[in-house]
There are 4 protein chains.
Amino acid sequence: MSSTNPIDWLLLQRIVRFGDIDSAGVIHFHHLLRWSHEAWEESLHIYGLKAIDIFPSLIDSNSFIHVALPIVHCEADFFAPVRLANELEIELSPLRLDAGSFQVKYVFKKGDILVASSLIRHRAIYTDSRHPCDLPEGIDRWLEVSSLNRGISAL
Amino acid sequence: MSSTNPIDWLLLQRIVRFGDIDSAGVIHFHHLLRWSHEAWEESLHIYGLKAIDIFPSLIDSNSFIHVALPIVHCEADFFAPVRLANELEIELSPLRLDAGSFQVKYVFKKGDILVASSLIRHRAIYTDSRHPCDLPEGIDRWLEVSSLNRGISAL
Amino acid sequence: MSSTNPIDWLLLQRIVRFGDIDSAGVIHFHHLLRWSHEAWEESLHIYGLKAIDIFPSLIDSNSFIHVALPIVHCEADFFAPVRLANELEIELSPLRLDAGSFQVKYVFKKGDILVASSLIRHRAIYTDSRHPCDLPEGIDRWLEVSSLNRGISAL
Amino acid sequence: MSSTNPIDWLLLQRIVRFGDIDSAGVIHFHHLLRWSHEAWEESLHIYGLKAIDIFPSLIDSNSFIHVALPIVHCEADFFAPVRLANELEIELSPLRLDAGSFQVKYVFKKGDILVASSLIRHRAIYTDSRHPCDLPEGIDRWLEVSSLNRGISAL
């Protein structure tokens, strides 16, 4: 997964699995938000950031991460049925909102058909005090480069 | 679970479990939307509707339900940390939008503190053709009685 | 949730929800293990143990729990279809295996019909070093009282 | 995803995501069984079987699949911590048990370290009557070719 294509970390794929589908035969709705978060993690990974530097995860008392990025808002819209084995394309549009928060919009397509979209908004806080703080430098860079590339790709 | 209290199907409880919490120590966000849907199912059950009359579920080729209520939009906001073993109160506010759609707003409180809210919007469709149709009678009644009771409880 | 009945923390209930069911119309298998873990947490709660004293959960750098109880083995057997809205009874049989490990067997019944069973085995470790250690005192007591009560209830 | 390598559908990869990890900092146990099922689906897909021919999924009243493959037993063992962002290798060992049932063993490795294993056993039934029946032809072929290839690869 090299990063030669400027936006390869903003265009991902996902195949819908049996456990994602409910007994009405379409995606059980909240899994779309799970997929969105996993697509964000994959995007950071392809771009070159390490998950263990971004996400708090109790390993031992020394590995404490001092800034967390909790989700303050999420939403999803469903336009067409998402079914078992559908091969979806996911396009990410990250946007820095201010010094301490950002959002990512996710668009899910089945071929040319827009099937769903979602939005997740994060705010940086100090893990200990939970007071607002600035975004970590890695996330800031990912946001900036992603915007630049989007600008170029829109020409 | 009797229905003597007029709004007993609109005020529910939930205890946060270990698997709901991520390694940042708070609810992993999309579980709140799972809880919301489960609260809706519990509400219908307490009110007196049978799940097998409402939700499509492949049992055999004779048990086909002709109207489905897919989710067209959902959202959630997070105001304060939801942590392991928190005992949450969930208040539901159902609202009929038009002949074929409705939404439910869910407010999550820890004691007097508002910790999160969510909104899920459903639209009725024929299961076979997926064309829009009117809400099933049971859902319509649940929406109407829920609004009446809310009116009374607000006096 | 009083503890006057000697085994009230070993006999629980669960209603099957829409999101638990897959598109074959029965429980999506691994949810049964999720339910089992949640039943264990509910059992400890009814017995009188606090989740925040048992389960590691990153809150701040001071709230570190020194013993964890990771799962080393789990299994489940499915005997009859578990369907939407089924009201299941869950019977727990905890068993201390040695000074540092225990298991809980879970039996799921729909009325008189045995529909599924599961088993989860835990081992105590120091959170920091991950070396084996003795079970926490609270868990030890819950195991002992649960065995006593089972003995009595079997008379 | 071509099938030129004889066992390319029996050796898969998975990266551990934030939502898979619980607040003890390791995989929340039942997700390993979700991953196992998803690895099985991916294996069938790479081998060349279509999910919509294998898995019942309510689409319309005409798309009824007549044989289902419910899980009758599953188990998992955990040998070493599975942590955020771990890149795991999953090796599948399918085995036909009799005319109507089979199992798949899944071994999870992090580099050379065995971190976990799982086993899922399926039995073929008629969807309508739920009586036992023979395995679908596609699954039978996938089992046979997988055994042959394993034999060859073991030389």
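Preceding this section is the structure that the text describes.
Residues numbered from 1 in each chain as written. Chains lettered and ligands numbered in written order. Predicted model: local features only at pLDDT ≥ 70, side-chain atom pairs only at ≥ 80, totals over all residues. Heavy atoms only, no water.

Student: Can you walk me through the overall build of chain A in this structure?
Tutor: Along chain A, the regular secondary structure elements total three helices and seven strands. Ordering the α and β elements of chain A from the N terminus gives β-α-α-β-β-β-β-β-β-α. Relative to its 155 residues, chain A shows a buried fraction of 57%. Long-range contacts, defined as pairs at least 24 residues apart, comprise 67% of the intrachain contacts of chain A with a sequence gap of at least 6. (Helix = DSSP H or I, 4+ residues; strand = E, 2+ residues; numbered from the N terminus. Buried < 20%, exposed > 50% of the residue type's maximum accessible area, 1.4 Å probe, protein only. Contact = heavy atoms within 4.5 Å.)

Student: Looking at this structure, I do not really get the relation of the copies chain C and chain D. What am I missing?
Tutor: Copies of the same chain, two in number, are related to each other by a rotation about an axis and a translation along it. Turning chain C through 180 degrees and shifting it by 0.0 Å along the axis lays it on chain D, with an RMSD of 0.0 Å. Both chain copies can therefore be described as sitting about a two-fold axis. When C-alpha positions in chain C are compared against the rotation axis, the closest is assigned to C:Glu75, at 1.9 Å. When the interface residues of chain C are mapped onto chain D, 100% of them are again interface residues, pointing to one common binding face. (Least-squares fit on C-alpha atoms with pLDDT ≥ 70 in both.)

Student: Any chance you could explain the sheet that holds strand β5 (residues 101-110) of chain B here in plain terms?
Tutor: By way of backbone hydrogen bonds, the strands of a sheet pair with one another, either parallel or antiparallel. Across the sheet, ten strands lie side by side as β1(A)-β4(A)-β5(A)-β6(A)-β3(A)-β3(B)-β6(B)-β5(B)-β4(B)-β1(B); this open sheet has antiparallel pairing. Both outer strands of the open sheet, β1 (11-15) of chain A together with β1 (11-15) of chain B, are each paired with one neighbouring strand and no more. Across this sheet, the average inter-strand angle for adjacent strands is 20 degrees, counted without regard to direction. Pairing of strand β3 (residues 71-78) of chain B with strand β6 (residues 113-123) of chain B involves seven bridges; the strand directions are antiparallel. Note that in β6(B) the partner of B:Cys74 across the bridge is B:Ile120. Helix α1 (residues 31-47) of chain A rests against β1, β3 (71-78), β4 (87-98), β5 (101-110) and β6 (113-123) of chain A together with β3 of chain B of the sheet, and its axis sits at about 70 degrees to β6(A). (Pairing = 2+ DSSP bridges. Axes fitted to C-alpha atoms, helices over the stretch in contact; angles between N-to-C directions.)

Student: Help me out: how do you make sense of the interface of chain C and chain D in this one?
Tutor: A common way to express how large an interface is: the accessible area buried when the components associate. Across the boundary between the two partners, chain C contributes 24 residues, which contact 24 residues of chain D. Summed over both sides, the interface between chain C and chain D buries roughly 2,100 Å², with carbon and sulfur atoms accounting for 62% of that surface. Contact with chain D buries surface across chain C, with C:Phe29, C:His30 and C:Arg130 losing the most and accounting together for 26% of the total. Linking chain C to chain D there are zero salt bridges. (Buried area = accessible area lost by both parts, 1.4 Å probe. Salt bridge = Lys/Arg side-chain N within 4 Å of Asp/Glu carboxyl O.)

Student: Whenever I open this one, the pairing of β4(A) confuses me. Can you help?
Tutor: Two faces make up the sheet, and in a regular strand the side chains alternate between them. Residues and elements named next belong to chain A. Sheet topology note: the β1/β4 ladder contains five bridges and is antiparallel. From the neighbouring strand, Arg14 faces β4, where its bridge partner is Leu88. Inspection of the sheet shows β4 paired to β5 by nine bridges, in the antiparallel sense. Looking at β5, one finds that Ser93 is bridged to Lys105. Where β4 folds back onto β5 in an antiparallel hairpin, the turn is made up of two residues.

Student: Please explain the sheet that holds strand β1 (residues 11-15) of chain C as it appears in this structure.
Tutor: The antiparallel open sheet is built from ten strands, whose spatial order is β1(C)-β4(C)-β5(C)-β6(C)-β3(C)-β3(D)-β6(D)-β5(D)-β4(D)-β1(D). Among the strands making up the open sheet, the edge pair consists of β1 of chain C together with β1 (11-15) of chain D. Pairwise comparison of adjacent strand axes, ignoring direction, gives a mean angle of 20 degrees for this sheet. Here ten bridges tie strand β5 (residues 101-110) of chain D to strand β6 (residues 113-123) of chain D, and the two strands are oriented antiparallel to one another. Paired with D:Val107 across the two strands is D:Ser117, which belongs to β6(D). Lying on the sheet, helix α1 (residues 31-47) of chain C is in contact with β1, β3 (71-78), β4 (87-98), β5 (101-110) and β6 (113-123) of chain C together with β3 (71-78) of chain D; it crosses β6(C) at an angle near 70 degrees.

Student: Would you mind going over the side chain of D:Arg83 with me for this structure?
Tutor: In this structure, D:Arg83 sits in the loop between β3 and β4 (87-98). At 3.2 Å, the side chain of D:Arg83 and the backbone oxygen of D:Gly25 are in polar contact. (Polar contact = N/O pair within 3.5 Å; in protein donor to acceptor, adjacent residues only side chain to side chain.)

Student: Could you clarify how one ought to interpret the interface of chain A and chain B in this entry?
Tutor: Listed as interface residues are 24 residues of chain A and, on the opposing side, 24 residues of chain B. Surface buried jointly by chain A and chain B totals about 2,100 Å² across both partners, of which 61% is contributed by carbon and sulfur atoms. If you sort the residues of chain A by the area they bury against chain B, A:Phe29, A:His30 and A:Arg130 come out on top, with a joint share of 26%. Across the chain A-chain B interface, the total number found is zero salt bridges. Summed over the shared surface of chain A and chain B, the result is eight residue pairs in polar contact (both at pLDDT 80 or more). For the side of chain A that touches chain B, the secondary-structure elements that each account for two or more residues are α1 and β3 of chain A. Broken down by element, the residue count for the side of chain A that touches chain B peaks at eight residues, all from β3(A). Examined bridge by bridge, β3(A) and β3(B) share five bridges and lie antiparallel to one another. Within β3(B), the position partnered with A:His73 by the bridge is B:Asp77.

Student: Mind showing me how you'd approach the relation of the copies chain A and chain B here?
Tutor: For the pair chain A and chain B, the superposition axis carries a translation of 0.0 Å, the fit reaches an RMSD of 0.0 Å, and the rotation angle comes to 180 degrees. A shared interface surface links the copies, since 100% of the contact residues of chain A are contact residues in chain B too.

Student: Is there a simple way to explain the environment of D:Gly19 in this structure?
Tutor: Here D:Gly19 shows up in the loop between β1 and α1 (31-47). Residues D:Gly19 and D:Lys109 lie 90 residues apart in sequence; the distance between their C-alpha atoms is 20 Å. If we skip the residues at most four places from it in the chain, D:Gly19 touches A:Glu41, B:His28 and D:His31.

Student: Teacher, can you tell me more about helix α1 (residues 31-47) of chain B here?
Tutor: Residues lying three or four places apart along an α-helix face the same way, a consequence of the helix completing one turn every 3.6 residues. Counted at 1.5 Å a residue, the expected span for α1(B) with its 17 residues is 24 Å, and the 24 Å between its end C-alpha atoms agrees. Most of α1(B) sits inside the fold, with 15 of its 17 residues counted as buried. (Expected span 1.5 Å × (residues − 1).)

Student: Can you walk me through unusual backbone geometry in this structure?
Tutor: The phi torsion of most residues other than glycine is negative, and most of the peptide bonds are trans. Not every positive phi belongs to a glycine, and D:Ala85 is a case in point at roughly 75 degrees. Among the secondary structure elements, D:Ala85 is positioned in the loop between β3 and β4.

Student: Please explain the pattern of salt bridges as it appears in this structure.
Tutor: Counted according to the given criterion, the structure contains 20 salt bridges over all chains. Its salt-bridge partner being B:Arg34, residue B:Glu38 comes within 3.6 Å of it at the nearest N-O pair. Of the two residues, B:Glu38 and B:Arg34 are both situated in helix α1; the distance of four residues between them amounts to about one turn of the helix. The structure contains a network of salt bridges with shared partners spanning A:Arg14, A:Asp20, A:Arg34 and A:Glu38.

Student: Please clarify how the packing of aromatic side chains should be interpreted in this entry.
Tutor: Two aromatic rings, taken as a pair, are described by how far apart their centres are and by the angle between their planes. What the rule picks out here adds up to 24 aromatic pairs over all chains. Aromatic side chains A:Trp40 and A:Phe102 sit 5.8 Å apart centroid to centroid with 45 degrees between the ring planes, which places their arrangement in the tilted category. With A:Trp40 in helix α1 and A:Phe102 in strand β5, this pair connects stretches of sequence that are 62 residues apart. Of the residues examined, A:Trp40 reaches a relative accessible area of 1% and is grouped as buried. When its relative accessible area of 0% is taken as the criterion, A:Phe102 is described as buried. Put simply, the rings of A:Phe18, D:Trp40, D:Phe55, D:Phe102 and D:Trp142 touch in pairs and so form one group of aromatic residues. (Phe/Tyr/Trp six-rings, centres within 6.5 Å; stacked < 30°, edge-to-face > 60°.)

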